[in-house]
Amino acid sequence: MPHRVAVVPHTHWDREWYAPFQTFRSRLVETLDAVIEALEGDPGYRCFLLDGQMALVDDYLEVRPEAEARLRRLALAGRVTVGPWYVLMDEFLVSGETIVRNLQKGLARAAAFGGAMDVGYLPDMFGHVGQMPQILALAGLPQAVVWRGVPSAVRATAFWWEAPDGSAVRAEYLPVGYGNGASLPLDPAALVRRARHHREEIGPFLLDGLLYMNGSDHLGPQPGLPQTLQAANELQDDLAFEITSLPDYLADAPTVGLPRLAGELRSGARANVLMGVTSNRVDVRRAAARAERALERRAEPFAALFMAAGRWPERLLGIAWHNMVLNSAHDSICACSVDAVVDAVLLRAAEADQIARAVADQALEALARSLAPTGPVVVNASARTRSGTVEVLAPATIPAGPGEQVISTRGELPDTLTLDAGALRTVLAAVEGTKLGDDTWIQQVAMKEDDSGIDLTVTVGTDEQADLAVTAIRQDLLARLRARPEAVVRVTLTGEPVRRVAVRSGAVAGLGWRALSPQPLAAPVTVVGPPIGSTSRSSGGASHAGGPAPATLANGMVSVGVDPVAGTFSLDGVPGFGRLVDGGDVGDAYNYSPPADDRAIDRPTAVAVSVLEPGPVRGRVRIVSSFEWPDRVEGPSQSRVGVRPVEVTTVLELHADERLVRVTTSFVNPSRDHRLRVHLPLPSPAESSRAESAFGVEERGLHAEGRPEERALATFPSRGFVQAGGLTVVHDGVVEYELVDLHQHDGVERAGQMALTALRATGMLSGVGMRYRPMPAGPVLAVEGLQLVGKPIELRYGLATGEGNPWELAEDLVLPLEVVTGRGTGARPGSGSALQVEGAQVSSVRREGPAIEVRVHNPTPATTTVRVGPDAGGWLVDLRGRPLGSFEGSFELRPYGIATFRLPRP
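To start, this report covers the structure provided alongside it. All figures in this text were calculated on a predicted structure; none of them were measured in a lab. (Residues numbered from 1 in each chain as written. Predicted model: local features only at pLDDT ≥ 70, side-chain atom pairs only at ≥ 80, totals over all residues. Heavy atoms only, no water.)

## A closer look at the sheet that holds strand β8 (residues 210–214)
Here is step 1 of the chain: Strand order in the open sheet formed by three strands is β8-β1-β9, with parallel pairing between adjacent strands. Each edge of the open sheet is held by one strand with a lone partner, namely β8 and β9 (239–243). Across the sheet, the axes of successive neighbouring strands diverge by a mean angle of 25°, strand direction being ignored.
Here is step 2 of the chain: One ladder, built from five bridges, connects strand β1 (residues 3–9) with β9; its direction is parallel. Bridge pairing links histidine 3 to leucine 239 in β9.
Here is step 3 of the chain: On top of the sheet, helix α6 (residues 188–201) reaches β1, β8 and β9; it is set at about 105° to β9, its chief contact. (Pairing = 2+ DSSP bridges. Helix = DSSP H or I, 4+ residues; strand = E, 2+ residues; numbered from the N terminus. Axes fitted to C-alpha atoms, helices over the stretch in contact; angles between N-to-C directions. Contact = heavy atoms within 4.5 Å.)

## Re the packing of aromatic side chains
Here is step 1 of the chain: Per the stated rule, a full pass over the model turns up 16 aromatic pairs.
Here is step 2 of the chain: Geometrically, the ring pair formed by phenylalanine 306 and tryptophan 513 is edge-to-face, given 6.3 Å between the ring centres and 80° between the ring planes. Within this pair, whereas phenylalanine 306 is found in helix α9 (residues 282–306), its partner tryptophan 513 is found in strand β20 (residues 512–515), the two being separated by 207 residues in sequence.
Here is step 3 of the chain: Between phenylalanine 721 and tryptophan 807 the ring centres are 5.0 Å apart and the planes differ by 80°, which places this aromatic pair in the edge-to-face class. Taken together, the residues span a long stretch of sequence, with phenylalanine 721 in strand β38 (residues 721–724) and tryptophan 807 in helix α15 (residues 806–814) at a distance of 86 residues.
Here is step 4 of the chain: A relative accessible area of 13% means that tryptophan 807 is categorised as buried.
Here is step 5 of the chain: Clustering of aromatic rings is evident, with ring pairs tying together Trp17, Tyr18 and Phe24.
Here is step 6 of the chain: One residue, arginine 72, lies across the ring of phenylalanine 113, its end atom 4.8 Å from the ring centre.
Here is step 7 of the chain: We note arginine 828 situated over the ring of tryptophan 513; from NZ or CZ to the ring centre the distance is 5.0 Å. (Phe/Tyr/Trp six-rings, centres within 6.5 Å; stacked < 30°, edge-to-face > 60°. Buried < 20%, exposed > 50% of the residue type's maximum accessible area, 1.4 Å probe, protein only. Lys NZ or Arg CZ within 6 Å of the ring centre and 35° of its normal.)

## Re helix α10 (residues 314–327)
Here is step 1 of the chain: Here α10 spans 20 Å end to end across 14 residues, near enough to the 20 Å set by a 1.5 Å rise per residue.
Here is step 2 of the chain: By the burial criterion, the buried members of α10 are Leu317, Ala320, Trp321, Asn323, Met324, Val325, Leu326 and Asn327.
Here is step 3 of the chain: Where α10 is buried, its residues contact α4 (96–111), α9, α11 (330–333) and α12 (339–370). (Expected span 1.5 Å × (residues − 1).)

## Describing the sheet that holds β20
Here is step 1 of the chain: Here we have four strands laid out as an open sheet, ordered β43-β11-β20-β44, and antiparallel in their pairing. Edge positions in the sheet fall to β43 (818–823) and β44 (831–833), since each has one partner strand and no second. Neighbour-to-neighbour, the strand axes of the sheet open up by a mean angle of 25°, direction not taken into account.
Here is step 2 of the chain: In this sheet, β43 lies alongside strand β11 (residues 374–380) in antiparallel orientation, the contact comprising six bridges. Across the sheet, valine 378 pairs through a bridge with valine 819, a residue of β43.
Here is step 3 of the chain: Each of β11, β20 and β43 is contacted by α12, which is oriented at about 45° to β43, the strand it contacts most.

Right, here's the structure in full:
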């Protein structure tokens, strides 16, 4: 029986990478022109795989719209294989929702071409999240194809890949990648020799036939391939070559007796996982997180729950999500690209964020106008009931209450400005409606006219006057100015003094609102340190005895002490938090690599400490640490040379009644070729860590698998939180972390600290001869933007010790309570919830036609009951929107399960 050699013609297409998108698209158009011509001109060229991503089709048809009918005919005939993704994303650097929206967008677009292949094609991702099998299964995709990340324990070309909930897909493993059949010899004898050699190379892995992926990066169809394969079959009888599609090959692939593998695939045992993409271009990570959060946690739920169904901004949100899905492509979000590509990624993220914020603002305005009460109303974007600190404006004439903290004060505004008619017209053109600024509204306009001119008195306040006829007033004034074009206009702006105060809000229902009612403080914040407006300074060599006293923040639940010499702080008596360690990095966009002559800088030359806010609602202390970092790495010895002074500002923030300590570390990067990490001591030694990933948590040990071609580094991505040794760290955006300070105790290796990467500045897209990865991972190109010189860098995180729900702590850091001003123009009561979801983490709330669609996941090892209220019934659906079953009020969700349900709500 001849051995089957299944040849799958394909291209792997990086939409943007070492050249900008439009440059690559010009090549894409030529490539797909050639695909269509090859398939139409040679029936022996049975099929071609378009890399599993529909963006190729749309990018091509935007230039070649006349080719759509031809391409559709080929797809309907099964000769062009499309979908299921829109782009091939990186799974660790985007949210679970972005992965799902990418898949849904790809499936929907592929439907216009006869449908997507039922294979989760994942050929070049830099590792895979543990929940990917469940995501694929929920979309009706029973197969996956993977390369990078598969551990050494797998010794076969296929295995059952399980998600934490037990969902499993059959994974076809490409032991040497997606280009093992690229550029096949067109001499039949040479082709036979190559196939036999490859069969021997991967023989220990083979379960059945030999899968020959005939393509690679940006390659088109290979001319003469069908004829060569036919000639090779006639030349011998031990190999049977055939052109086939990936779905057809997998339809006959064995499924019995396969090994099983559970969880994430992040091993470098056989292929580079390029773990350093987590920490390059940290500005891209932050921009992506802002936009995803603005869409997922504010714009969509607020619009779905507070706006009328007919006002759902589907097109606007579609534009924003299109940007985010395009950005999720692995070379885009990984920032392992030229500067023009990263500029485009940042622009798309910024535009998505702008759309999301505008939609959220409109939805909150709709809520404000629907409220019966007037005044400040607190809004909770989380699905859980919670309280928190908010800021509001209050009249300064009323004494501050015991639970209020004055943040700033604005005095009275009796002031008069004299303008001519032309200047006033310009001012009027710039003022829309009655809003003059954040929380500042026109309350009243009085006008008086005499021979000397026009007197206009504008009274401002903190509440909107819904019945103020501002349009009529404007028209009246303009009419007067037309009649007297030379008139002098005296404008007086007046208003009562106001102050901005921080207060502790009472509990607000999940996805709900509550008229502000400041609560007494059970655990007020006390700050001890230099008086407000003054600064305590010390040189790097000063001692505690001779230097300034440390500052402290405490609320009875947690205590923080600042070391004014080291610039670090203690947490509940454990010192050394926030230690900054700067070392050299001669790596590239893909991998960290220390220089041969590394020199770490971890002591400041001077420290200045000042109190920004003294409590009792919120305490804030600022630490400014001065360092002298080397300027760059140079020479054959790879020495760190030069000196660049830098000030790193760390602000510590503690709220009343909370255990979470908020930390923001920021600076302007002055140097090249370096890595800066923040070290955090663990309250107890740790053997492993638990970090958030898409729709779940990954538990990881102290080491990773690698090989000489890519040294194993246990630097891992965390989406929103990481826990180890009794410490929970929550953070804004994906952050790279590593458990360090490893030591043996009773024969067990444990870590004593965690390091968060604040910055990794390098100058190469791909390098060669690096200590940790000697061979290039892409074009060897200098990319200046990767150095981030002169760019503001910010790492925002929070710390909590002991027991605590990390999902809740992460929300408190990045999704604070918000305040709107009730207009008194609606019937909505002063408190309530637009949707109640209990028992699971909420990932998405949006409108889908006449229904509200909600996605939840259970991050625990126990079955949970998801309760939806009040008394809501609906349908569970899969990721394609197909019904799975109905429920009334609640449903059971398996351990680590993901569920999507729809509630009829016109």
